[in-house]
Amino acid sequence: MDHCNGLLLLSGGYVVNPATRQWAKLPSPRPPCRYGKEHFMYHRYIMFDPAVSPHYEVLVVPEGPYRRGTLDRGVAAWEWPPSPMLLQIFSSRTNGWEERSFQWQGESFSTVADLPWSGDPKSAVYWRGHLYVHHYFVMRISLSSGKYQVIKPPQDINSSRTPKLQLGRSEKGVYLASIASHAERLQVWILDESSARLEWVLKYQADIRHILSHRGYNPKVQGSWVMEDSNYHSYHDRFPDYKEQASLENGFEWDSDNEDVLDTKDKVDGEYREYVDIIGFHPQKEVVFLSESLERGFAYHLSTSKLQDLGYMYPTQYDWFAEGGNLIESSFPYTPCWTAKFPTNN
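Small disclaimer: the values here were computed from a predicted structure and weren't measured.

Trainee: Even after reading the chapter, I still don't get the overall build of the protein, so can you show me in this structure?
Mentor: The helix and strand tally for the protein stands at five helices and 23 strands. Expressed as a percentage of the 346 residues in the protein, the buried residues total 45%. Sequence separation of 24 or more characterises 58% of the internal contacts of the protein that already satisfy a separation of 6 or more. Surface accessibility of the protein: about 18,800 Å² in total, with carbon and sulfur atoms responsible for 47%.

Trainee: Honestly, the side chain of His282 in this entry has me stumped. Any pointers?
Mentor: Note that His282 resides in the loop between β20 (276–281) and β21 (287–292). Classification of His282 by relative accessible area gives buried; the value is 13%. Within the local environment of His282, its side chain forms a polar contact with the backbone nitrogen of Lys285, the two atoms lying 3.1 Å apart.

Trainee: In this structure, what is going on with the sheet that holds strand β9 (residues 96–104)? I would like to understand it.
Mentor: The strands making up a sheet associate through backbone hydrogen bonding, with each pair oriented either parallel or antiparallel. Ordered in space as β5-β6-β8-β9-β14-β13-β12-β11, the eight strands form an open sheet in which the pairing is mixed. Looking at strand neighbours, the two that pair on one side only are β5 (40–47) and β11 (123–127), the edges of this open sheet. Between one strand and the next, the sheet's axes are offset by a mean angle of 30°, whatever the strand orientation. In terms of strand pairing, strand β12 (residues 130–134) meets strand β13 (residues 138–142) through five bridges, oriented antiparallel. Paired with Val133 across the strands is Met139, a residue of β13.

Trainee: I keep staring at a nonpolar patch on the surface and nothing clicks. Help me out?
Mentor: A surface patch of nonpolar side chains, amounting to about 290 Å² of accessible area, comprises Leu10, Tyr14 and Trp23. By relative accessible area, Tyr14 is classed as partly exposed at 31%.

Trainee: I keep staring at the state of the cysteines and nothing clicks. Help me out?
Mentor: Disulfide: a covalent bond connecting the sulfur atoms of a pair of cysteines. If you walk through the whole model with that rule in mind, you get zero disulfides. Here Cys4 is not disulfide-linked; the sulfur of Cys337 is the nearest cysteine sulfur, at 9.8 Å. A relative accessible area of 6% means that Cys337 is categorised as buried.

Trainee: Explanation requested: the pairing of strand β6 (residues 57–65) in the structure shown.
Mentor: Remark: a regular strand shows side chains that alternate across the two faces of the sheet. Buried residues dominate β6, accounting for eight of its nine residues. As paired strands, β5 and β6 are joined by eight bridges and run antiparallel to one another. The residue bridging Met47 from the neighbouring strand is Glu57, located in β6. Bridge count for β6 against strand β8 (residues 85–91) is four bridges, and the pairing is antiparallel. Residue Val60 lies in a different strand from β8, and its bridge partner there is Gln88.

Trainee: Explain the nonpolar core here, please?
Mentor: General note: in soluble globular proteins, nonpolar side chains tend to be found buried as a group. Core analysis: the biggest nonpolar cluster contains 38 residues, and Leu7, Val15, Ile46, Tyr56, Leu59, Leu131 and Ile141 have the highest contact counts within it. Counting only elements with at least two residues in this core, the list comes to β2 (7–10), β5, β6, β8, β11, β12, β13 and β14 (147–151).

Trainee: Explain the environment of Glu184 here, please?
Mentor: Within the fold, Glu184 resides in the loop between β16 (173–179) and β17 (186–192). Taking relative accessible area as the criterion, Glu184 reaches 16% and is therefore assigned buried. For the pair Glu184 and Val276, spaced 92 residues apart in sequence, the C-alpha separation works out to 9.7 Å.

Trainee: Help me understand the sheet that holds β2 in this model?
Mentor: A sheet is described by the order of its strands in space; here four strands give the open sequence β1-β2-β3-β4, paired in antiparallel fashion. Both outer strands of the open sheet, β1 (2–4) and β4 (22–25), are each paired with one neighbouring strand and no more. Averaged over all neighbouring strand pairs, the angle between strand axes comes to 15°, with direction disregarded. In the sheet, β1 pairs with β2 via three bridges, with the strands oriented antiparallel. Of the residues in β2, the one forming a bridge with Asp2 is Leu9.

Trainee: What am I meant to see in the confidence of the model for the protein here?
Mentor: Atom-level detail of predicted coordinates should not be read off regions where pLDDT is low. Scored by pLDDT, the protein comes out at a mean of 80, with 73% of its residues at no less than 70. The low-confidence segment residues 243–252 (pLDDT under 50) makes 12 contacts with residues lying over four places distant or belonging to another chain.

Trainee: Would you take a moment to explain the pattern of salt bridges for this structure?
Mentor: Working definition: two side chains of opposite charge can pair if their charged atoms are close together. Using the criterion set out here, one finds five salt bridges in the structure. Glu199 is the partner of Arg197 in a salt bridge, and the nearest nitrogen-oxygen pair spans 3.2 Å. Where Asp207 meets Arg209, a salt bridge forms, and the shortest distance between an N and an O atom there is 3.8 Å. Among the residues examined, Asp207 registers a relative accessible area of 30% and is labelled partly exposed.

Trainee: Looking at this model, I keep getting lost on the packing of aromatic side chains. Mind explaining?
Mentor: The geometry of an aromatic ring pair is captured by the separation of the ring centres together with the interplanar angle, meaning the angle of the planes. Under the definition given, this model contains five aromatic pairs. On the numbers, 6.3 Å between centres and 35° between planes, the contact of Tyr56 with Phe90 is tilted. Placement of Tyr56 in the loop between β5 and β6 and of Phe90 in strand β8 is noted, with a sequence separation of 34 residues between them. Across the pair, exposure class does not vary: Tyr56 and Phe90 are buried alike. On the numbers, 5.6 Å between centres and 55° between planes, the contact of Phe90 with Trp97 is tilted.

Definitions and cut-offs
Along each chain, residue indices are assigned from 1 in the same order as the chain's sequence is written. Note on the predicted model: pLDDT of at least 70 is required for a residue's local features to be given, and 80 or more for side-chain atom pairs to be given and counted; whole-chain, interface and lining totals, by contrast, use all residues. Side-chain measures were taken over the full set of non-hydrogen atoms in the model, leaving aside hydrogen atoms and water. Numbering goes from the N terminus for both helices and strands, where a helix is a DSSP run of H or I of at least four residues and a strand is a run of E of at least two. In this scheme, a residue with accessible area under 20% of its type's maximum is buried, one over 50% is exposed, and one in between is partly exposed, where area comes from a 1.4 Å probe on protein chains only. Note on definitions: a residue-residue contact is assigned when non-hydrogen atoms from the two residues lie within 4.5 Å. Methods summary: accessible areas were calculated by the Shrake-Rupley approach with a probe of 1.4 Å, and residue burial reflects only the protein chains presented. Whenever a nitrogen or oxygen atom comes within 3.5 Å of another N or O atom, the pair is scored as a polar contact, on the condition that within protein one atom can donate a hydrogen and the other can accept it, and that pairs from neighbouring residues in sequence are kept only if both atoms are in side chains. In this description, strands pair whenever DSSP reports at least two bridges between them. Here an axis means a line fitted to C-alpha atoms, over the contact stretch when the element is a helix, while the angle between two N-to-C directions is reported on a 0 to 180 degree scale. Two distance rules govern patches: like charges are joined within 9 Å, and nonpolar side chains (Val, Leu, Ile, Met, Phe, Trp, Tyr) within 5 Å, applied only to residues with over 30% relative accessible area and no salt bridge. By definition here, a salt bridge exists when the distance from a side-chain nitrogen of Lys or Arg to a carboxyl oxygen of Asp or Glu is within 4 Å. Any cysteine sulfur atom paired with another within 2.5 Å is treated as part of a disulfide. What we call a nonpolar core is a set of buried Ala, Val, Leu, Ile, Met, Phe, Trp, Tyr and Cys residues that are connected through their side-chain atoms within 4.5 Å. Per-residue confidence from the predictor is reported as pLDDT, which spans 0 to 100. Aromatic pairs are defined between Phe, Tyr and Trp rings, using the six-membered ring for Trp, whenever the two ring centres lie within 6.5 Å; interplanar angles under 30 degrees are classed as stacked, those over 60 as edge-to-face, and all others as tilted.

Structural data, given as structure tokens:
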């Protein structure tokens, strides 16, 4: 459902740390708040910053009402997001839920009736004590002040096709990336928070379709993707010859200077039919990770326009591990953490 600085939030209310193999099940919260007679959609997000505290929090945020039938006229005219906005928060420090009221600061985005349909996955970024949630817009929620602000989409966003959007955190703060399905235009904005009015500033844009459509196949770049899973050991027991090979692969660490670099100089027009998705951002470097039809990975360096081929993303023997369900539907960059504290009863 969500991830933050090494912790994963799974459906069913589980928080998992893959690095330490610790997990905890969240206690059941009270039923979510309902605004009027309408049933609203809710999403859970996890907040964790190991540099500040070993404890984590989970926030339940309303997205909007279910679009079933005609909305009540009074509900359709509501400003959205509402003020006050009631949110439920879980803290691993207390191992309990509490309900808090948040007031909006600045402008609201729209009314309930005017909310656009969005096919983008719901995402969030936790940065310097603020949670940035991307639904129809980006909303910055401050737990310390009990306020939130609406950040409207960039005005110069590519509108020729329905763009894919990805919110992320990288070297200089909060980023927003947009890419058309066939990679003809990649745009990256950085959130300017220097004044009370939060604005997106376009920093990078590029056409990478010509690079991907005319690249040559390099058999040396197969990628070093391996499966870190409990089934990994049982597979080794059945196939001992594979253990040594996998052991060597487990020592792999991505080197941004040594991977295969694709040529970005010669721009050749051509048809490109693959779908390109944004996986996410490198947390310390201005690098956007991309995938080609969720099969092959790439790293695009924003400052140098260098595109690196990270190889075939399906891990070795993935078909065996997946037991027939060998379809990668989504992915995200993950950084392990060893300092998170889980409630003592788990």
